[in-house]
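# Overview (structure and organization)
Here is how the chains run, residue by residue.
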Amino acid sequence: MVIGNPQRSRLNPDRQFLLQHIHFDKPITRAQGHYLYDAQGEAYLDFLAQYGAVPFGHNPAIVWEALNRVRLNHEPSLVQPLLSPAAEALSAKLSAIAPVRNGYVTFTNSGAETVEAAIKLARAKTLRPYIVSASGGFHGKTLGAVSATWNPKYREPFLADTRHFDFVPYGDVEALEARLAQGDVAAFLVEPVQGEAGMIDAPAGYLRAAAEICKRHRTLLIVDEIQSGLGRTGTLFALEHEGVTADMVLLAKALGGGMVSLGACICAEHAWSEEFGLFHSSTFANNHLSCAIGLAVIEHLLADDQALVRDVAEKGDYLRRGLEVLIRCHPRAFSHATGKGLMQGLHIHPWQHADSYFLCHASWTGMSVPLICGYLLNQHKIITVPTFNNNGVIRIEPSLTITHAEIDRLLDALDDVGEAIAQEDFAKLLRYLTGERGKVVHFPQIIEKGSEKHAEPQRAMSW
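Calculation rules
- Residues numbered from 1 in each chain as written.
- Predicted model: local features only at pLDDT ≥ 70, side-chain atom pairs only at ≥ 80, totals over all residues.
- Heavy atoms only, no water.
- Helix = DSSP H or I, 4+ residues; strand = E, 2+ residues; numbered from the N terminus.
- Buried < 20%, exposed > 50% of the residue type's maximum accessible area, 1.4 Å probe, protein only.
- Contact = heavy atoms within 4.5 Å.
- Lys, Arg positive; Asp, Glu negative; His and termini not counted.
- Charge placed at Lys NZ, Arg CZ, Asp CG, Glu CD.
- Salt bridge = Lys/Arg side-chain N within 4 Å of Asp/Glu carboxyl O.
- Pairing = 2+ DSSP bridges.
- Core = buried A, V, L, I, M, F, W, Y, C linked by side-chain atoms within 4.5 Å.
- Axes fitted to C-alpha atoms, helices over the stretch in contact; angles between N-to-C directions.
- Expected span 1.5 Å × (residues − 1).
- Arc of directions from axis to C-beta.

Turning next to the overall build of the chain. The helix and strand inventory of the chain stands at 14 helices and 19 strands. Along the first, second and third principal axes, the C-alpha set of the chain runs to 60 × 55 × 55 Å. Taken across its 463 residues, the chain has 56% of its residues classed as buried. Considering only contacts in the chain between residues 6 or more positions apart, those separated by 24 or more positions represent 73%. Side chains of the chain give 41 positive and 50 negative charges; the mean places of these two sets differ by 2 Å.

Shown next, in the form of structure tokens:
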């Protein structure tokens, strides 16, 4: 028996309210390559990739092949406390490639859980209480991870106990030195690219200096590569841009191939704690099925001398050049771009000078970029969202396999947005809120490329 409105979602009602009012409430029923399809068959080009968790597009062949091998060979999934061959193989592979010396691997089920494991390990090893992280940082929303996350709005409603968590300004080595000199810090937790702060790249030399400061004060350096790792910035790990090693490197998101939830805390041998090894565990950790997928992801990234990762670097440069052209063409709309590789942010000027009170208020309350993203979704059929801690930034984070033609399509759509803002044609930009149907965007043609299918629309113009 259904009680109440049968059309009402039983998921988070507050989230549902926001999605409805920017017309993001699209029921997605099919996914292939870089496209999601709603119940009416409308195709949406995905420039979110689930916050970087879908590295090779939706339903990639290499992941399904790994799943089918497990099924056809009647391999196990959960085997605790016995040994999983896939977990053993993936841990060996990760310890070999990560910028961590002689690593041990602890598998987890999400990025936030990976951060929780790292916090426990750091405290067990050092017997120090404090975790220091950087302003603007985002490390998850479970209680430990959210206590290390900079934005207080994620902590305060839940009465998170933050007595042993501190923050220093991102990029400020003097502030880090002064805080660690107090001798009570177990670990410094930092992102090489701060995704939720607006795709902010670490200042040149900052991570290397941080590593030296941590070593001097016997503090563990934990580098959160949950979003930036596994090829996203044009190198396998973002740390590689500075040639830095860490005491721990954290992974999740892309490690599951967009199909399963899988994370990993990779810890240097000298940072391992026997107490952590004996008393930390998880029912679903070392899951053979998930680790078999993770192994397929890593092998695909390493194939042909990391050809895909090198391709990300080239496409990231192509995307950034296009964004810089847009900024020059529409300086009243766009202020600057930040990020690295296929982890880019386009910063939008506030609308405080708009004639409309509604528009000024929307900008002041952080709704201008969500409204723009709604326009891109409903008018251009392109999925983007703001960054969490800086809602004045459009997140541009497609799958690593995105094509130049699809990047061109995004740039054309952003050009349309920039022109509307520059001309103060906000009626055009917000007309979709009235329910007016956007222009028809034809389904992409699906063409075969090797063993996978990719959507390859016609290339528009060169940016």
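So, on to the pattern of salt bridges. Counted by the stated rule, this structure contains 11 salt bridges. The salt bridge partner of Glu397 is Arg395, with a shortest N-O separation of 3.0 Å. Judged by its relative accessible area of 0%, Glu397 falls in the buried class. Several salt bridges share partner residues, and in doing so they unite Asp166, Arg179 and Asp184 into one network.

The side-chain alternation of strand β11 (residues 248–251) yields two buried faces, one formed by Met248 and Leu250 and the other by Val249 and Leu251. Where β11 meets strand β12 (residues 263–267), 4 bridges bridge the pair, whose relative direction is antiparallel. When the sheet's bridge partners are listed, Met248 is paired in β12 with Cys267.

A few words now on the nonpolar core. Phe188 and Leu429 are the most contacted members of the largest nonpolar core, which has 108 residues in total. For this core, the leading source of residues is helix α10 (residues 288–329), giving 15 residues. Beyond its immediate chain neighbours, meaning those up to four positions away, Leu429 contacts Trp351, Ile372, Tyr375, Val417, Ala420 and Ile421. Val115, Ala186, Cys265 and Phe276 belong to the second largest nonpolar core, which has 24 residues in total.

Turning next to the sheet that holds strand β5 (residues 130–134). The mixed open sheet is built from 7 strands, whose spatial order is β4-β12-β11-β10-β7-β5-β6. Edge positions in the open sheet fall to β4 (104–108) and β6 (165–168), since each of these has one partner strand only. Between one strand axis and the next, the sheet turns by 20° as a mean value, whatever way the strands run. When strand β7 (residues 185–190) meets strand β10 (residues 220–224), the two strands line up parallel, connected through 4 bridges. Directly across from Ala187, in β10, lies its bridge partner Leu220.

The subject of this paragraph is helix α4 (residues 85–97). Residues three or four positions apart in an α-helix share a direction because the helix packs 3.6 residues into each turn. Over its 13 residues, α4 extends 19 Å from the first C-alpha to the last, a length consistent with the 18 Å expected when each residue adds 1.5 Å. Taken together, the buried positions of α4 are occupied by Ala86, Ala87, Leu90, Ser91 and Leu94. Projected onto a plane normal to the axis of α4, the buried residues spread over an arc of 125° and lie on a single side. Across α4 from its buried face, at more than 90 degrees, point the exposed residues Pro85 and Ala96. Buried-residue contacts for α4 involve β4, β11, β12 and α10.

Attention shifts here to the sheet that holds strand β13 (residues 334–340). In sheet architecture, strand pairing relies on hydrogen bonds along the backbone and comes in two forms, parallel and antiparallel. Read from one edge to the other, the open sheet built from 4 strands follows the order β13-β14-β17-β16, with strand pairing classed as antiparallel. Edge positions in the sheet fall to β13 and β16 (385–386), since each has one partner strand and no second. Taken together, the 4 bridges between strand β14 (residues 343–348) and strand β17 (residues 393–396) define a ladder with antiparallel strand orientation. Along β17, the bridge assignment pairs Gly345 with Arg395.

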